[in-house]
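# Close look at the chain arrangement
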Amino acid sequence: MKSLKAFSYIRRDLNAVLAHDPATKSKIEAALCASGFHALVMYRFFRFLYVHRFFMLARMLSAFTRFLTGIEIHPGARIGSGVFIDHGSGVVIGETAVVGDNVIIYQGVTLGGTGKDKGKRHPTIENDVMICSGAKVLGPFTVGRGAKIGAGSIVLGEVPPNATVVGVPGRIVKIAGQRVNEAELSQALPDPVEDEIAALAARVAALETLLNAPDKRAK
């Protein structure tokens with residue numbers, strides 16, 4: 001039964017290539033030429049080995065898949081069906097990451113950790129999420145169903161369902177197509193250079209105020 005389920009997932013992954021890649025004209029072309037599909041097929045196999053505690057062999061096949069496709073998926077990651085990895089070079093999916101069904105992942109995406117967490121270290125991506133080129137989703141939080149992560153964004157905290165996130169650090173600019181107050185939902189990332197410039201600007205403003213103030217001693 002598990003093998004039948006795996007083949008069902010592979011069929012849905014193949015259909016996802018045709019649904020989301022206009023450059024692919026047929027299932028044969030997708031099966032032969034789509035590196036993201038190749039990586040997912042191999043993942044289904046080495047995930048089976050990992051679940052059955054063949055850890056070393058699973059990691060070796062994962063490394064071999066990375067060599068062939070440029071896509072690194074840890075065998076411990078859990079990935080649903082109908083997933084599409086487009087132009088997958090540079091994609092990294094960490095050990096405790098969870099990816100739902102019908103997720104679209106473009107090149108250069110990282111589903112990683114921050115290095116500070118133990119146990120569950122990587123994000124959970126719910127169904128129907130799109131993660132655009134170069135985005136980094138880092139930490140053990142959830143990206144809600146139907147969310148969109150803009151190209152090059154760095155996401156460090158929870159993303160509500162149907163939200164759109166852009167920028168560095170990631171800012172939630174829309175939820176269900178409606179603009180939101182970015183200040184309330186911004187995922188703050190400390191920037192020491194910006195803080196120093198702000199402090200210098202405040203100091204200059206204070207000095208200008210002193211220089212422009214009337215000299216009381218002259219009275």
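Attention now goes to the pattern of salt bridges. Pairing between side chains of opposite charge can happen when the charged atoms of each approach one another. This model, assessed by the stated rule, comprises 4 salt bridges. Asp13 is the salt-bridge partner of Arg44, the closest N and O atoms lying 2.8 Å from each other. Placement of the pair is Arg44 in helix H3 (residues 35–51) and Asp13 in helix H1 (residues 2–20), with a sequence separation of 31 residues. In this structure, Arg44 and Asp13 share a single accessibility class: buried.

Right, let's talk about the environment of Glu95 for a bit. Of note, Glu95 is situated in the loop between strand S4 (92–93) and strand S5 (98–99). Classification of Glu95 by relative accessible area gives partly exposed; the value is 26%. When the C-alpha atoms of Glu95 and Leu111 are compared, they prove to be 9.4 Å apart, with 16 residues separating the residues in sequence. Sequence-distant contacts of Glu95, defined by excluding residues within four places in its chain, comprise Tyr50, His74, Gly76, Ala77, Arg121 and His122. Separated by 3.3 Å, the side chains of Glu95 and Tyr50 make a polar contact.

Parameters and conventions
- Along each chain, residues carry numbers from 1 onward, in the same order as the chain's sequence is written.
- Local features in this predicted model are restricted to residues of pLDDT 70 or higher, and side-chain atom pairs are both shown and tallied only at a pLDDT of 80 or more, whereas totals for entire chains, interfaces and linings draw on every residue.
- Hydrogens and waters are ignored; side-chain quantities use all the structure's heavy atoms.
- A pair is scored as a salt bridge if a Lys or Arg side-chain nitrogen falls within 4 Å of a carboxyl oxygen belonging to Asp or Glu.
- In this description a helix means any DSSP run of H or I spanning at least four residues, a strand means any run of E spanning at least two, and both kinds are numbered starting from the N terminus.
- Exposed residues in this analysis have more than 50% of their type's maximum accessible area, buried residues have under 20%, and partly exposed residues fall in between, with area computed by a 1.4 Å probe over protein chains only.
- Residue contacts are defined here by distance: any two heavy atoms, one from each residue, within 4.5 Å place the two residues in contact.
- Whenever a nitrogen or oxygen atom comes within 3.5 Å of another N or O atom, the pair is scored as a polar contact, on the condition that within protein one atom can donate a hydrogen and the other can accept it, and that pairs from neighbouring residues in sequence are kept only if both atoms are in side chains.

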